[in-house]
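Below are the chains, spelled out letter by letter.
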Amino acid sequence: MSRATIPVKLPPSSGNAARKLAEEDGVSLSQWVSLAVAQKISSVETAEAFFMRRSQGAEQVNFLEILRNAPDRAPDPGDELAAINVV
């Protein structure tokens, strides 16, 4: 994988906080900033775009077969759907 060097200017408070957190994580500042940027990019990407990309080449028939074979049981604790109040 090729890498690009991109100079970034941070306010001293952000730079100091990033250095401290990188040190606590045991990684270089460059590695820590690279991971932080990757996390931000992934949080901005919409779920729709993610699933559209992941579904490329998928067959609806296969998906429906998986759903038909899913066990009929109560959700695990914490996975329940929230109650919706309809007015």
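**Let's talk about the environment of glutamate 45**
Turning to step 1, where the next piece is worked out: Take glutamate 45: it is sitting in the loop between α2 (29-44) and α3 (47-54).
Turning to step 2, where the next piece is worked out: Judged by relative accessible area, glutamate 45 falls into the partly exposed class, the value being 32%.
Turning to step 3, where the next piece is worked out: Along the primary structure glutamate 45 and glycine 26 are separated by 19 residues, whereas in three dimensions their C-alpha atoms are 28 Å apart.
Turning to step 4, where the next piece is worked out: What glutamate 45 contacts, discounting residues up to four positions off in sequence, is Phe50 and Arg53.

**Re the confidence of the model for the protein**
Turning to step 1, where the next piece is worked out: Of all residues in the protein, 98% attain a pLDDT of 70 or more, and the chain-wide mean is 87.
Turning to step 2, where the next piece is worked out: Mean pLDDT across the elements of the protein ranges from a minimum in α3, with 82, to a maximum in helix α1 (residues 12-25), with 96.

**Overview of the pattern of salt bridges**
A side chain of one charge can pair with a side chain of the opposite charge if their charged atoms are brought near each other.
Turning to step 1, where the next piece is worked out: Per the counting criterion, the structure on display carries three salt bridges.
Turning to step 2, where the next piece is worked out: With a shortest N-O distance of 3.6 Å, glutamate 24 and lysine 20 are connected by a salt bridge. Here glutamate 24 and its partner lysine 20 are both found in helix α1, four residues apart, which amounts to about one turn of the helix. This pair shows no difference in class: glutamate 24 is exposed, exactly as lysine 20 is.
Turning to step 3, where the next piece is worked out: In this structure, the salt-bridge partner of arginine 68 is glutamate 65, at a minimum N-O distance of 3.1 Å. Here arginine 68 and its partner glutamate 65 are both found in helix α4 (residues 60-69), three residues apart, which amounts to about one turn of the helix.
Turning to step 4, where the next piece is worked out: Overall, arginine 68 belongs to the exposed group, its relative accessible area being 58%.

Reading guide: rules and limits
Residues numbered from 1 in each chain as written. Predicted model: local features only at pLDDT ≥ 70, side-chain atom pairs only at ≥ 80, totals over all residues. Heavy atoms only, no water. Helix = DSSP H or I, 4+ residues; strand = E, 2+ residues; numbered from the N terminus. Buried < 20%, exposed > 50% of the residue type's maximum accessible area, 1.4 Å probe, protein only. Contact = heavy atoms within 4.5 Å. pLDDT = per-residue confidence, 0-100. Salt bridge = Lys/Arg side-chain N within 4 Å of Asp/Glu carboxyl O.

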